[in-house]
Structure formats: C-alpha cells, structure tokens
Amino acid sequence: MISEQFIECNYDIVVIGGGMSGICAALAAARHGAHTALIQSRPVLGGNASSEIRMHIAGASCHFGKKNLWETGILMELMLENKSRNTYFSYPIWDMVLWEKVRYQENLDLFLNTTLDSVETKDARITAAICRQSTTEKAFRFYAKIFVDATGNGTLGYFAGAEWRMGSEGREEFNEPDAPAQPNNNTMGNSIMFIASDKGEEVKFKKPSWAHTFTEEDLKLRPHGTYTWYHGEDGITEEDVPESGYWWIELGGDTGNIIENAEKVTEELYKVVYGIWDHLKNAGDHGAANYELDWVGIVPGIRESRRLVGDYLVTETDVLENRIFEDAVAYGGWPMDEHAPHGVYDKDVNPTRFINFPGAYTLPYRSYYSKNISNLMMAGRDISVTKMALGSSRVMGTCAVGGQAVGTAAAMAVHYGCSPREIGSRIHELQQTLLKDDCYIPGFRNEDPDDFAPSANITATSHTPGNEPGKIVSGVARVVNEESNCWESETLEKGPQTIMLAFSPREPNQIRITFDPNLSREIMMSMTRTVQEREVKYMPLELVRDFTVKVFRNGEVIYQQQVKENNQRLCVYNLDAPLTADKVAVEVQATYGCPSARIFEIRLY
Ligand SMILES: Cc1cc2nc3c(=O)[nH]c(=O)nc-3n(C[C@H](O)[C@H](O)[C@H](O)COP(=O)(O)OP(=O)(O)OC[C@H]3O[C@@H](n4cnc5c(N)ncnc54)[C@H](O)[C@@H]3O)c2cc1C
C-alpha cells in the first residue's frame, strides 16, 4: 500500500467552488493583491451557468422587468467579454471565457477537477482544506488565512463545523409573512435541462425503457411545447418552444436532505427528463415533431440546500421592504421564487410561487461571513439568508456581486491582518472599494477622497438635455429612477464628441472611465431562444466603441491612448511615468450603434 503524500500549499485566500460566486470572489481577491487559490471540483468553471448545466445568469433586473438594475463589476466584465466573442450563444466558448479570465489572472491559481474532501480546524478556525485532484491523483493540503465557501452546498462550512440551516423557517421565527406556519425540511429541488433543434423533417423518438410516462393531466400546470405564458407584475412574457428547458423538471426538495439523496435524485431526473421528451414527441401535438434532442444535462443543477449562518440572516421582510443596510455590499431584486418541494410530481401545484416586489434590496456584509468559524466567508446561494430570502438571493447575478464583495473583503482582511468580522469596522472602505470597481450598492455613492475628478472643471463639446457633463461626478454610475447620472453628447454624426476635466497642475496616475452597456437589456449567455432574441446580436448599442484618452499640460497632449473596439464598461488607464498635467479629455469617435456618446463616470487618481 502506498501512503498518501500531501502537497502543502500556502495561500492568503482559498476559495472552494468555481461557480459565478466563487469566480468573482477569487478574481476580486487576487486583483486586490491576495495570493489566492480557486478550487473547483469539476472540469469547467461557472457552476450552474457552465456548459454542464446551462442556466442563464439572472439578477435584480428580473430579465428586463426592472430597469437599470443589471449587475456590473466583474460579472459585467465577464459577460461583455463573452458577448464580444460569442455571438451565437455557444456554452463551450463561455466556459473558456471564464477559464481564461481565471487562468490568466495574476495572483490566482486555479485547481480544476479538485474536490474539497475534508478540513482541519483549530480553535474555531479553519487551518487547512484537504482537496484531491482526480486527474492527477494528487492530494493537497491548502493552508490559508481566509477560506471562502462558494460550494453552493456549504460543504466547506459543514466540514468545518459552521452553524448552518436547511429547509424552511417557521413564519414566527422572523415574522416572515409567506413562510409556512411551522418549520420544515423542504427545499427546492434539483433539475436537469435539455436542448433540442428543428431538423426540418419529422424525427422519431423511441422512449428508453427506464424513462417515466407523463400525461397531459400530469403536466397541466407546467408550460411545455408551444405555449405562451406570463409571469411577473413587470411583464415577463415567455413563449416556450420545445427547444430548451424546463426549469420545472425538478425533484428532490421533499427528500428530507437533498444532499444525502443527491445520487438517487439525479437518476430519477434522468427518467423524468426523457419521459417529458417522450411526452412532447409522442403524446399529442406539442410542435415537436421535427425536433431532436441535441443535448441533455448529466450534472443536475442544484437550487437549494445548506445555508451557512452569519452574524445576520436576511429575511423576507428585508427583501420586500427594499432594506438598505448600513453595511450593504451587494443587492438583489429577483422575486422570491419559491419552487414546490415535490417538483414535477406535484401535478396540482404550480411549479413555483413568485412573490414579486418593486425595486431592489441590499445584502449586508454580516451575511457573508460565518457566525462561529472566524476565518470562513461564504459566497453564492449558501450565504446567511432565510429560505424565503434565498428564493431571491440565489440567482447568479446576485451571487456574483456578493462574491466580488466577499473576495474584496477577504483581501482587505489579509491586508489588515484581521478577521472577516473585523472588516465590519472598515465597512466604508469596503463599500468605496466596491463602487470604485464598478459594483453598485443601492443608496451608496462615490465618496472616495482620492478621486479628484469632482473638483475638476468639467465641460463637453455638447450634451443633451438632462445629461450635462457634470453628471460624470454624480457619484452613481448608472441611471437611478429619473436621474441619468450620465453625460450624453449630441449625435456623433456631427463628429467626435469630447468631455474634458480641467484642474490645477498635478500628477494623475490613473484614469477610470465607466461607459454605458445599457443596464436594462440582457447580454448574458442563454440557451432559451426567447432570451436570445431579446438581446442585440453583437455588442450593446450604447457602449462606446472607439475613443481616445488624452492628458494635457498647457494645451499640449502629453499622454494619449487610442482605443478601438472597446468591449468593456469600466476602462482603467494607468499613467506609469509621473506627468504633471492640467487636463484630461475623453474623445468619443463611435459607439456600437447609439447615436450619442454616453459616459456615466470618470474618476481621476
Ligand atoms: C434548474 C435551475 C434553474 C435555475 N435558473 C436560474 C436562472 O435562470 N438564473 C439564475 O441566475 N439562477 C438560476 N438558478 C439558481 C442558480 O443557478 C444557483 O442558485 C446558483 O448557481 C448558485 O451559485 P453558487 O455559486 O452558490 O453555486 P453553483 O453555481 O452551484 O457553483 C458551485 C460550484 O462549486 C463546485 N463545488 C461544489 N462542491 C465542491 C467541493 N467539495 N470541492 C470543490 N468544488 C466544489 C461545483 O462544481 C460548482 O462549480 C437555477 C438553478 C437551477 C438548479
């Protein structure tokens, strides 16, 4: 017998789980100077948004129902990068965009096919995470100052003895109006998706012997085949075709413990998904005669399991009241989307219950670190929320912005040599860092004393009514209610349009420009045709494509950066050599289609 040798690795921060929350946490931590490892059990990154599962990233904007609420920061960067090279929604291409961003990030090491097996703890701290890489047969002992649980299931926290919850709180515990009267163990179920395409001629389908049978009565409350349905006060209408789906092919929420029963649930899902396809093909006209399955998921998507308890549990009331926490670091807006625990087998119950609310709520920093394990943070669906609040906070846009907040906070904790909880006393610094990195926190604005743009004299070659040049220092880099917070020029058909910031001579070392990719229109990966058709084919029309950044002294250009085919919202330029300057200008030559130049923010450091 060969005794196992561990490879000992030392990091500042170890993030376990490479879904959208883990990716954003790891990138943020590394970009803020922390030596970081990202451990991902499967061969691709993205979690439920990867090619293995193929869910589209939804967020506070509820697809397009709530205006100007799309998540920005790292998630926007990833989605825009994907949009610029993945016009036809290929999931494998998206996988590689995620891989590239992580793999080539300075300070960040990626361990794919590597699973957290166990943890070592001492004095309510995690000292090491034991992980195994299946492809290399290597075993690792990862030491770190801070560990982030982005596993979805809260596995790291569970192994470490962190306090956790699973199932539903009773109504009285947090006075949640829509919680059940008594607590229970029910969760939402797991799902497997499929994609089919029209082959232009009739295609037969022979049902496998092990697949289940479904009648129209069984599926009377589940939209399938050619079906138009409507949900949401804000007017979400979806026309289903038998091309992809179905989120309601869901099971396992009533098994008592969906983690322990995961393998059984997966097998059952295989029988259901092929049974549903058999129904579409062979049980009446569902518009599917010419369709054939191109892809059926193997890895189920998981909606709900453990939630790790932090210093605060966000509740339904916080969500409904659009609560702005003093220690807000992220936000959500998706309805509380509470799926039926028995899933597809509960034919008389709607597959989900949407509890809608207007606006967005914030998520407090106290919900992102463990109450009882001092160096454990969480990101994703396993954060400290009640089951009711999870119905909203679980969508991947919300998970991703929370992940960025966690990674940033973890790097700060490493920098200051303190615990995640102690970062609470530096919350203003954390919030300001997130805003600088293009995150949005409703109710908060730029108050960075190092940014000297607000004291500059700001002029432009033109502007449209209500979109004056001074709007670029409003402190908020998106439209909020009626306030545009944006400089918008007159038409570029008149020639390039320029915004200028003049100041007393000084040595700027960084210029940060925030453009407008239209935070009301979707740009994410999706296998759903109706979603794909709502998107613009290439880049967002409002995004500035070609522009020049110029730095002046006494009317002479002393630094110039010409950018062609820009594909990002936040563009950062570092002036490496010290230059004494008295003016910065951004000249916009072209957008991807919008007639005017639109800039939300320019910061000068
Ligand atoms: C069918 C379905 C439909 C959904 N629809 C939508 C939707 O339309 N839009 C939306 O935004 N959200 C949707 N959701 C919800 C959303 O997908 C999840 O809430 C979200 O993915 C949670 O993000 P996460 O990062 O916490 O976990 P995940 O996305 O699950 O990522 C966790 C990652 O951790 C890895 N991991 C797990 N355990 C270990 C371990 N021990 N060691 C190493 N790595 C590990 C996994 O491989 C995975 O990559 C849906 C969910 C399901 C199941």
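Residues numbered from 1 in each chain as written. Predicted model: local features only at pLDDT ≥ 70, side-chain atom pairs only at ≥ 80, totals over all residues. Heavy atoms only, no water.

A. Seen up close, the sheet that holds strand 2 (residues 13-16). Pairing is parallel across the open sheet formed by five strands, whose spatial order is 4-3-2-8-23. Edge positions in the sheet fall to strand 4 (108-111) and strand 23 (376-378), since each of these pairs with one other strand and no more. Across the sheet, the mean angle separating the axes of adjacent strands is 20° when strand polarity is ignored. Where strand 3 (residues 36-39) and strand 4 come together, four bridges link them in parallel fashion. If you follow L38 over to strand 4, its bridge partner there is L110. Against the sheet, helix 1 (residues 20-31) engages strand 2, strand 3, strand 4 and strand 8 (146-149), with an angle of about 165° to strand 3. (Pairing = 2+ DSSP bridges. Helix = DSSP H or I, 4+ residues; strand = E, 2+ residues; numbered from the N terminus. Axes fitted to C-alpha atoms, helices over the stretch in contact; angles between N-to-C directions. Contact = heavy atoms within 4.5 Å.)

B. A look at the packing of helix 1 against helix 3 (residues 91-103). Following both chains from N to C, one finds helix 1 and helix 3 inclined at 25°, their axes separated by 10 Å at the closest point. Here helix 1 is positioned roughly parallel relative to helix 3, judged by the angle of their axes. Where helix 1 crosses over helix 3, the two elements pack in a sense that is left-handed. For the pair helix 1 and helix 3, the contacting residues are M20, I23, L27 and R31 in the first and W94, L98, K101 and V102 in the second. Per-class residue counts for the contact of helix 1 with helix 3 are six nonpolar, no polar and two charged. (Parallel < 35°, antiparallel > 145°, perpendicular 65-115°, else oblique. Left-handed = near helix turned anticlockwise from the far one by under 90°. Nonpolar A, V, L, I, M, F, W, Y, C, P; charged D, E, K, R; others polar.)

C. Geometry of the nonpolar core. Core analysis: the biggest nonpolar cluster contains 143 residues, and I13, M20, F142, I513, F547, I599 and I602 have the highest contact counts within it. Per element, the largest residue contribution to this core is 11 residues, and it comes from helix 9 (residues 396-416). (Core = buried A, V, L, I, M, F, W, Y, C linked by side-chain atoms within 4.5 Å. Buried < 20%, exposed > 50% of the residue type's maximum accessible area, 1.4 Å probe, protein only.)

D. Structural context of the side chain of T315. With respect to the secondary-structure elements, T315 resides in the loop between strand 18 (307-308) and helix 7 (316-320). Residues in contact with T315, not counting those within four places in the same chain, are F174, E176, T386 and A389.

E. Fine view of helix 3. The end-to-end C-alpha separation of helix 3 is 18 Å, in line with the 18 Å expected for 13 residues at 1.5 Å each. Of the residues making up helix 3, those classed as buried are Y91, W94, D95, V97, L98, K101 and V102. End-on view of helix 3: buried residues confined to an arc of 160°, all on one side of the axis. Where helix 3 is buried, its residues meet helix 1, strand 3, helix 2 (73-85) and strand 4. (Expected span 1.5 Å × (residues − 1). Arc of directions from axis to C-beta.)

F. The arrangement of a nonpolar patch on the surface in detail. Among the surface-exposed residues, Y158, F159 and W164 lie close enough to one another that they form a single nonpolar patch of about 280 Å² accessible area. For F159, the location among the structural elements is in helix 4 (residues 155-160). With relative accessibility at 34%, the residue F159 sits in the partly exposed group. (Patch = residues over 30% accessible without salt bridge, like charges linked within 9 Å, V, L, I, M, F, W, Y side chains within 5 Å. Areas by Shrake-Rupley, 256 points an atom, 1.4 Å probe, with all protein chains shown as cover. Salt bridge = Lys/Arg side-chain N within 4 Å of Asp/Glu carboxyl O.)

G. Structural detail: the site of the ligand. Near the ligand there are 31 residues, and of these S21, H56, A58, R394 and M396 occur at the shortest range. Backbone polar atom of R381 to an oxygen atom of the ligand: 2.9 Å apart, as the coordinates give it. Burial of the ligand by the protein chains amounts to 93% of its free accessible area of 990 Å². Put simply, the parts of the chain that give the shell around the ligand at least two residues each are strand 5 (114-122), strand 17 (301-302) and helix 9. For the shell around the ligand, the leading source of residues is strand 5, giving three residues. (Near = heavy atom within 4 Å. Polar contact = N/O pair within 3.5 Å; in protein donor to acceptor, adjacent residues only side chain to side chain.)

H. Structural context of the packing of aromatic side chains. Using the criterion set out here, one finds 21 aromatic pairs in the structure. Centroid distance F357 to Y361: 5.9 Å. Interplanar angle 55°. Geometry classified as tilted. An identical accessibility class is assigned to F357 and Y361; each is buried. Pairing Y365 with Y369 gives two aromatic rings, centres 5.2 Å apart and planes at 50°, and the pair type is tilted. Looking at Y365, the relative accessible area reads 2%, which means it is buried. Among the aromatic residues, ring-to-ring pairing joins Y11, F111, F140 and F142 into one connected group. When the ring centre of F6 is taken as reference, the NZ or CZ atom of R141 above it lies at 4.6 Å. (Phe/Tyr/Trp six-rings, centres within 6.5 Å; stacked < 30°, edge-to-face > 60°. Lys NZ or Arg CZ within 6 Å of the ring centre and 35° of its normal.)

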